[in-house]
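Spelled out, the chains give:
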Amino acid sequence: MKALSQKRRHPLAAVILLAIALLLTGGLYAVATATNEAKADTSVSYTAQDAEEGQKLFIANCATCHGTNAEGTADGPALIGVGAAAVDFQVGTGRMPMQMQGTQAQVKPGQFNEEQTHQLAAYVASLGAGPTIPEAEFTDVSQGDAANGAKVFLANCAMCHNAAGVGGALTRGKFAPSLMGVSEKHIYEAMETGPQGMPVFNDANITPEEKRDVITYLKSQEVNSSPGGFALGSLGPVAEGLLIWTLGLGIVLVFTIWLTSRSA
Amino acid sequence: MGNHSDGVQAKSSAVVTSQEESKEKFPDPGLPHHAPRLTDVDAKHAKTAERQVVLLFVISILGALLFWFAYFGIKIGGNYYDVLNPEANNTLRLQNLLMGLGIAFSMFGIGIGIVHWARTLMPDHEMEESRHAISAEADRADAQEIVETILDESGIKRRPLLRNTLIGSVILAPLTFVTLLRDLGPNDPSVLKYTLWDEGVRLVRDPSGTPIKAADVTIGSAYHVLPENLNSLTHENGYIEEKAKAVVLLMRLDPNDLKVSAGRENWNVDGIVAYSKVCTHVGCPIALYEQRTHHLLCPCHQSTFDATDECKVVFGPAGHALPQLPIAVDSEGYLVAQSDFHEPVGPGYWERGKHVEEMKSEA
Amino acid sequence: MSHTSVQKDYQAKTNTGKIANYLDQRVGMSGIIKEFGRKIFPDHWSFMFGEVALYSLVILILSGTFLTLWFNPSMAPTAYDGSYVPMKGTEMSVAYASALDISFDIRGGLLLRQIHHWAALLFMLALTIHMLRVFFTGAFRRPRELNWLVGCALLIVGILAGFTGYSLPDDVLSGNGLRIIDGIFKAIPLVGTYLSLFFFGGEFPGTLLISRLYAMHIMVIPAILLLLVAVHMFMVVLHKHTQYPGPGRREDNVVGFPVGPVYAAKAGGFFFIVFGIIAFLASTFTINAIWNYGPYDPSPVQAGTQPDWYVGFGDGALRLWPGVWPFHWEFNFLGGTWVLSVFLPFALMAGSVMMAMIFWPWIERWVTKDNREHHLLDRPRNAPFRTGVGVAGIIGYGSLMVAASSDLIATHFHVSLNDVAYVLRFMFVFGPLIGFLITYRFCLALQRKDRELVLHGIESGQVVQLPHGEFIEVHKPLDEYRRYKLVAFESPEVIPAQPNKKGKISLLEKTRGGLSKIWFQDRVAPVTPAELEAAHHAHHDAVEGTDSSAQIEK
């Protein structure tokens, strides 16, 4: 026992332990997300060349944090088994590569074009099975049911993203982003993979059809203007209170001063 | 304070010396002279002002017409918030805008017109009215005497039995109506102890109502869960009240992350844990689950609970940890409850401590 | 007229006169006209907010009456079949379905809803500003203390009116608001659980609540509001309006415009203007988009769950009170569970702000021993202590109100939610004190500026050289009207603790004396004619005055 406890303090021990833990988690994840494979994507296919190009891009742009073999480091998680969907979402929305370490990866203009994103996804998908990019059928809002989508959205998503999908606050500087203007594919992938602090909504929890319904509901909010006039960011009573204390009070003040002043 | 001078001393001191009656207080110079307005001295300006008022009234009439145009002329209807066709929304928005602006113009026209009329064409001489004491001393004495006379003539002072029974009846009579409030609701707080969860009740998805296999709950996922037997209830026999107490959040964490206290070792299934979703602060559903930090956040008052540490409060105003639902897997692989919660769900209340003790001994 | 009456009636010549004559013989119209026709009302922009509140209330009742024609306050379940696509077929309460119908399927229904809701926000806003005006100008002093109480009651009943209305659509937002009310009820020691069970007719949410709230919202509360408004207006007429001090304005007169025609025209016209403002807001800005929230269901909740602004201080108090720091605020004691993390924010934080407001006139009278009638207002700077207290109150109330939007502050300014809470906790505790001190000093500085103006006039920017070579800037003296405005105020002095009849100084009186010392020990007295004369003779002296009694400084 003494020998073991001494070895435990060896500087490499932590690294080895971490590597084992990460491999285990990745493996577990791969097994656990097996339910998603039922809907394996057939519309997107990756060639060996894609994966090769992707690996080059990965080494050049991602390895600092995620490790040269995507095994993860202290600065970034392992990507074995996260699947193509995670890459397509994170890279496609510009969250990855991260600008800087922070509480949460921020959206910014994408650094890679579609082809490069595709290659990166191919590389990461080749490392282990994981959630895939959705088939076009499941992101087509003309086939979705907004009423069911509203139900699923209100039960599972509105608590963080707000009823109108405009986002909300989480703990210690984290936040749930606005869903307005996010592409159908990315919304789908976010539900599948659970980026950042978001929980995973795998296909066993919210079926692909239900995901499409949610997307349909969100898009119906996005394309339609509020019938009552400016929506004030759909933020609810706080925005309304702010308006009455600024614009409302301002107009009233102007009138009271005019009304009680003497005419020239 | 540097060099100060009014430069025209002679004139100013003349003002001061003219007020010989007081060295302590400046006298009231009285109302300033009334300066005439342009409309008072110039008939042309008065005419212009009149025309402006007329124009404002005409705007008001046009505003009313705009309202009717929007009300009758714009045809609304169809499907609102249609994902493929935003036309219905746009029409309703336009109608709302034009009707509202129509009313606004018709009101502003009248209002601004009248006020402009008052400001420019009605006299603007300030007038004075004196204040009188709210009541005179003599009046007060008279009133007191009248009250005395009334009391005397009624004989209420001389007949104490009459007075006392009257007071008694006047106090009691309204209490009959207060009593009627008694049946506003039940008065047995012990209903707060129990929920629909019981041994073997399956956990089903909210809102679809389908049961959940343990294998479906992957690490990082969160399920919003209801008891399967909820569906047997209807609006009349307590569906919504039971739902309000029974809502549960189901998460799978890495079993190594979980801190499990004695007696709760078997309450999770390989890291799948179920906690009441009703905030222990004032009852909002706590549904914001951050799968990385394992924090649960209440969006109403920001109470934060740590899912790895049996949902103890880590921030915010909540007073105690979220109750945990003991779960197991049934023979078909679906998740079921082992029993009801072991403490009342939701916010604290006066009898809660007592209920916790009772539930402990019942278990 | 064939027969001759015993008493010859007054014969009117004009048509107006004839109508007046008719009414006079039946309802005594001439007395009313004599009393009110030329009654004087002072004119100042800050006096208009009470009117804004009154007119908003009229518009609320008008639009509310229209809404009752379509709204159905039943909690019975129904499947929605209106034209809002994302809810088609969804099971919901009849109340929510009828609120959706008003929004989408009844022409102008959405506009009515928005008019009603914006009017409610404006009503509470105007009420608040009106109360602040009354406070800062000291208009609550004798004989108007009771009317201040009526005003406070109006504020509280107004909050109830707003909250019951906010709850009626039975959507997820309002339902979670009611759930919070349930939690607050339950936190009341001893009787809380029963209150909650009675209020909801059983366990939350029950099947009766919306119709109960509806009866309150459209019948009981408006009746109380109207009664209070009637009492309030009656007292305004009885006391006559206060006025700002100035030339010609004394304690024993009212200067202003007669009701007929000027004041009636302005006040009447202003009603239409307020209506116009509300209609403008309702046509251009969406308010309470209930269709986004979905039908009430105890399971979901959404980010941005907040009450309307006037309930915000209560919600903010709930957010700020720590639950388990530095110890558990929920514990068992004396046979019951004390839920102090919910009870204290209301009883202590929101409650203390309310109580201080209600009892202020009596607190001030007790300390100042000033029981005279006051019809002339104070300029806020001339009552530095009161103004400081008012600002402290605004900061205390304001930090609670801001706390109710802590999550939105966090997301919109990219800061941590937790840090926002820490900062606001600090603000609630220390902000009022800091605000008081700054305001108090600021008022004294403004008073000194007034003295400076009176003593030395306005800087003309004209520099001249005197015969002996000295350069001075010419100061233009104020005219007597402007000067009077700056010197016509009282500057009360400290009244030390007085012994009572037995010759003893009670602890209470000692406290009063102490408060009086804090209240008035720093004060700036108005310029006296003697000082002004002295200043003119000795223009090289400091502005503070040559006479040491003129200004008592610490």
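Please read these numbers as outputs of a predicted model, since none were measured by experiment.

1. Remarks on helix α7 (residues 239-246) of chain B
Residues and elements named next belong to chain B.
Turning to step 1, where the next piece is worked out: Among the 8 residues of α7, 6 are classified as buried, and the element is accordingly described as predominantly covered.
Turning to step 2, where the next piece is worked out: Where α7 is concerned, the buried positions are Ile 240, Glu 242, Lys 243, Ala 244, Lys 245 and Ala 246.
Turning to step 3, where the next piece is worked out: Among the structural elements, β3 (222-227) and β4 (248-252) are those in contact with the buried residues of α7.

2. So, the UniProt feature "transmembrane region" (unreviewed entry) in chain B
Residue and element names in this part refer to chain B.
Turning to step 1, where the next piece is worked out: The sites that UniProt annotates as "transmembrane region" (unreviewed entry) are residues 53-74 and 94-118.
Turning to step 2, where the next piece is worked out: Secondary structure content for residues 53-74 is 95% helix and 0% strand, while the C-alpha to C-alpha distance between its ends is 31 Å.
Turning to step 3, where the next piece is worked out: Helix makes up 100% of residues 94-118 and strand 0%, whereas the separation of the span's terminal C-alpha atoms amounts to 35 Å.

3. Let's talk about the sheet that holds strand β7 (residues 295-297) of chain B
Residue and element names in this part refer to chain B.
Turning to step 1, where the next piece is worked out: What the 4 strands build is an open sheet, ordered β6-β7-β8-β9; its pairing is antiparallel. Since the sheet does not close on itself, it has two edges, and those belong to β6 (288-290) and β9 (312-315), each with one partner. Across this sheet, the average inter-strand angle for adjacent strands is 35°, counted without regard to direction.
Turning to step 2, where the next piece is worked out: Both β6 and β7 contribute to a ladder of 3 bridges, which runs antiparallel. When the bridges of β7 are listed, Leu 288 appears paired with Leu 297.

4. Quick look at the domain arrangement of chain A
Residues and elements named next belong to chain A.
Turning to step 1, where the next piece is worked out: One can read the domain layout of chain A as domain 1 (12-133) and domain 2 (137-224).
Turning to step 2, where the next piece is worked out: Contacts between the two partners involve 20 residues from domain 1, matched on the other side by 17 residues from domain 2.
Turning to step 3, where the next piece is worked out: Split into classes, the residues belonging to the side of domain 1 that touches domain 2 amount to 9 nonpolar, 9 polar and 2 charged.

5. Quick look at the UniProt feature "binding site: heme c 1" (unreviewed entry) in chain A
All names here are of chain A.
Turning to step 1, where the next piece is worked out: The feature "binding site: heme c 1" (unreviewed entry), as annotated in UniProt, sits at Cys 62, Cys 65 and His 66 in this numbering.
Turning to step 2, where the next piece is worked out: Here His 66 shows up in helix α4 (residues 63-66).
Turning to step 3, where the next piece is worked out: The exposure class assigned to His 66 is buried, which follows from the 23 C-beta atoms found within 10 Å.
Turning to step 4, where the next piece is worked out: Apart from residues lying up to four places away in sequence, His 66 is in contact with Gly 72, Thr 73, Gly 76 and Leu 79.

Procedures and definitions
Residues numbered from 1 in each chain as written. Chains lettered and ligands numbered in written order. Predicted model: local features only at pLDDT ≥ 70, side-chain atom pairs only at ≥ 80, totals over all residues. Buried ≥ 20, exposed ≤ 12 C-beta atoms within 10 Å, placed from the backbone. Helix = DSSP H or I, 4+ residues; strand = E, 2+ residues; numbered from the N terminus. Contact = placed C-beta atoms within 7 Å. UniProt positions renumbered as here; feature names shortened; annotations may be inferred. Pairing = 2+ DSSP bridges. Axes fitted to C-alpha atoms, helices over the stretch in contact; angles between N-to-C directions. Domains from an automatic or database assignment. Nonpolar A, V, L, I, M, F, W, Y, C, P; charged D, E, K, R; others polar.

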